[in-house]
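Fold and contact review
These are the residues of each chain, in order.
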Amino acid sequence: MAHQSKRIAYIDFMNIMACFGVICLHCSGSVFAYGEVEPRLWLLSMLVQTLTHWSIPVFFMITGTTLLEYRKKYDTKIYFKKRFLRTGIPFVFWSVFYLFRPVFMDGAALPTLEDFRNAIFNNQALGIFWFFYTLFAIYLCIPIFSLLTEHGYRIPEYICILSFLGVAVYPVITRFFFPVYSETVPPFLNGYVGYLFLGWLIYKKELSQKTRRIIYIFGVLGALLMFFGTWYLSSQSGTLDQIFMEYLSIACYPMSTAVMVAGRYLKWEKIYDFCKPEKISKIANAGLGIYLVHMFYICLGEKFTFLVIHPMYYTLIMPFVIYSVSLITVLILKKIPMVQKLVP
């Protein structure tokens, strides 16, 4: 029972932190304008990106932690129903919402039927919604993946190792050392599958203090590689080099693992002395809703000239403003019947 309480605590807090981290990523877009912005602004954006790049992988690890054992709670039919209601309906609504955003904010022309189709099926409503397409693909595979967790840790561990070698190590070898034929990478391990099982393993296995320290060391090394490696390679090419910035990179993988392990073992319950568990859970449950609405406020914020002409302040301050406003918006919408289904 104590283990279950601990799990709820760290999953809730990691959800909140990852949600805020994603907003930090989206408020530090100057990193993608290497050579076009002031060097100090680029370095600040790169620092913010490095410190929060684990956010997306942690979301996938949380998905693995909470869903890979869904069979213990309900059958597959109910599983798909829950996934559709929680993510499918909101995704369609907000895709249409962002399709119309340029119309009512910028005076753009009304979208065509082809625009509607591309908004839903081709991620042309909002770029960051790539996350949902990836999530939907994972949801479809989880009924199969869940069976692999019923026979101990060996198979999930093997999947994590193969995935890391295929998506993180392979690109580095082929670029910096020697070419390796791409078909040697197991096709079913491409993408974020490794993070899914990694999150589950971190939850299920007890790691010794020595093991955790090793993971933390590699996490720090990953962060240093992301920051300085990206800086160096970009300076050499004159344009942003993202090989170490990818969410599946050899830099981000150990960093994200270290953050999730730290979250698993931190004594989050002490925060309950200052904030009730119910409030923490309510904020955590607003995470997906915040992801859906926060880009509206980012676009709105860009309309204010004083924010645009002070990008360093924007990068540092706006994440707190955007998160707070988005959280309040979601909590209000959750109180409205029917509308609450759109901000799960």
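Structure shown above.
This text gives an overview of the structure that appears in the document.

A closer look at the packing of helix 4 (residues 76-106) against helix 5 (residues 113-121)
For the pair helix 4 and helix 5, interaxial distance at closest approach is 9 Å and the crossing angle is 130°. Classified by the angle between their axes, helix 4 and helix 5 sit oblique to one another. Judged by the twist between their axes, the crossing of helix 4 over helix 5 is right-handed. Counted together, F91, V92, S95, V96, L99 and F100 of helix 4 and D115, F116, A119 and I120 of helix 5 form the full contact between these two elements. A breakdown of the residues in the contact of helix 4 with helix 5 according to their chemical character gives 8 nonpolar, 1 polar and 1 charged.

Considering the packing of aromatic side chains
Under the defined criterion, the tally for this structure stands at 40 aromatic pairs. With centroids separated by 5.7 Å and ring planes inclined at 40°, the aromatic side chains of F91 and F132 adopt a geometry described as tilted. In this pair, F91 is assigned in helix 4 and F132 in helix 6 (residues 130-145), connecting sequence segments 41 residues apart. Since its relative accessible area comes to 1%, F132 is described here as buried.

Points about the side chain of S146
By the secondary structure assignment, S146 is in the loop between helix 6 and helix 7 (154-176). Since its relative accessible area comes to 1%, S146 is described here as buried. A distance of 2.9 Å separates the side chain of S146 from the backbone oxygen of P143, its partner in a polar contact. With residues near it in sequence (within four places) discarded, S146 still touches L68, Y70 and R71.

Calculation rules
Residues numbered from 1 in each chain as written. Predicted model: local features only at pLDDT ≥ 70, side-chain atom pairs only at ≥ 80, totals over all residues. Heavy atoms only, no water. Axes fitted to C-alpha atoms, helices over the stretch in contact; angles between N-to-C directions. Helix = DSSP H or I, 4+ residues; strand = E, 2+ residues; numbered from the N terminus. Parallel < 35°, antiparallel > 145°, perpendicular 65-115°, else oblique. Left-handed = near helix turned anticlockwise from the far one by under 90°. Contact = heavy atoms within 4.5 Å. Nonpolar A, V, L, I, M, F, W, Y, C, P; charged D, E, K, R; others polar. Phe/Tyr/Trp six-rings, centres within 6.5 Å; stacked < 30°, edge-to-face > 60°. Buried < 20%, exposed > 50% of the residue type's maximum accessible area, 1.4 Å probe, protein only. Polar contact = N/O pair within 3.5 Å; in protein donor to acceptor, adjacent residues only side chain to side chain.

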